[in-house]
Amino acid sequence: MSETKVRKSHSAEFKAKVGLEALRGVKTINEIGKEYGVHPVTVGEWKKEIQEQAKTLFEGKRGPKPAAAEHKDPEALFSEIGKLKMELDWLKKSPGSAGRNAAEVGRERGRSFNKPTMRPGRGLQVNAVLPSTSQNDG
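Values in this document were obtained by computation on a predicted structure and should not be read as measured data. (Residues numbered from 1 in each chain as written. Predicted model: local features only at pLDDT ≥ 70, side-chain atom pairs only at ≥ 80, totals over all residues. Heavy atoms only, no water.)

**Thoughts on the nonpolar core**
Judged by nonpolar contacts, Val18, Ala22, Ile32, Val38, Val43 and Trp46 together constitute the single largest core of 6 residues. When residues of this core are traced back to their parent elements, those giving at least two are helix 1 (12-24) and helix 3 (40-53). Look past the residues within four positions of Trp46 in its chain and what remains in contact with it is His10, Phe14, Lys15, Val18, Gly19 and Val38. (Core = buried A, V, L, I, M, F, W, Y, C linked by side-chain atoms within 4.5 Å. Buried < 20%, exposed > 50% of the residue type's maximum accessible area, 1.4 Å probe, protein only. Helix = DSSP H or I, 4+ residues; strand = E, 2+ residues; numbered from the N terminus. Contact = heavy atoms within 4.5 Å.)

Structure (C-alpha cells):
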C-alpha cells in the first residue's frame with residue numbers, strides 16, 4: 001500500500017519570508033527551497049508574486065480620493081438639507097427681519113449677533129454685542 005502525501009499549507013507570513021529571501025538574492029532558489037523544505041519552483045512563484053504585488057503596497061497612500069468615498073450616505077445629506085431649509089424658513093418668518101436674516105439686520109444697525117436661540121416662554125433670544133467704538137444715542 002502506498003501512503004498518500006498530505007499537501008502542505010503555508011501561511012502568508014511564511015510565504016512572504018521565503019519570497020523576500022529569494023528576492024534578496026543572497027542564496028540561490030535551490031538553497032532556499034532546501035532550507036525551508038519547499039520546492040524551488042514554489043519559491044520562484046512566491047518571489048514572482050511578491051514582485052508583481054509590490055506596487056499595490058503604495059497605492060492609495062496619497063493623491064485624490066475616489067469620488068464615492070468623499071460623499072456621505074444620501075439619508076444623512078437629505079436630513080441636513082431638511083434642517084437647513086427649516087432654519088431658513090424660520091429666519092425668513094422671524095419678527096423684525098422682513099425677509100432678511102438676523103445677522104444682516106444686526107450688521108445694518110452696527111451690531112454683531114450670535115446665533116439666534118429659542119427659549120421656552122421667552123420667544124426669540126438674540127445675543128447682541130455692541131461695538132466698543134460706538135456711542136449710545138440715548
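**Quick look at the packing of helix 1 against helix 2 (residues 29-36)**
At their nearest, the axes of helix 1 and helix 2 sit 10 Å apart, and the two run at 150° to each other. When the interaxial angle is binned, helix 1 and helix 2 end up roughly antiparallel. As for how helix 1 packs across helix 2, the hand of that crossing is right-handed. Residues Phe14, Lys17, Val18, Glu21 and Ala22 of helix 1 touch helix 2, and the partners they reach there are Ile32, Glu35 and Tyr36. (Axes fitted to C-alpha atoms, helices over the stretch in contact; angles between N-to-C directions. Parallel < 35°, antiparallel > 145°, perpendicular 65-115°, else oblique. Left-handed = near helix turned anticlockwise from the far one by under 90°.)

**Digging into the side chain of Glu21**
Its place among the elements puts Glu21 in helix 1. Taking the relative accessible area as the measure of exposure, Glu21 reaches 13% and is therefore buried. A distance of 3.4 Å separates a polar atom in the side chain of Glu21 from a polar atom in the side chain of Lys27. Excluding residues within four positions of it along the chain, Glu21 makes contact with Lys27, Ile32, Glu35 and Tyr36. (Polar contact = N/O pair within 3.5 Å; in protein donor to acceptor, adjacent residues only side chain to side chain.)

**Structural notes on the pattern of salt bridges**
Applying the stated criterion across every chain, the model contains 2 salt bridges. Two residues, Glu21 and Lys27, come together in a salt bridge whose shortest N-O distance is 3.4 Å. We note a salt bridge from Glu35 to Lys27, for which the minimum N-O separation is 2.4 Å. A residue is classified by how much of its surface remains accessible, and Glu35, at 44% relative accessible area, is partly exposed. (Salt bridge = Lys/Arg side-chain N within 4 Å of Asp/Glu carboxyl O.)

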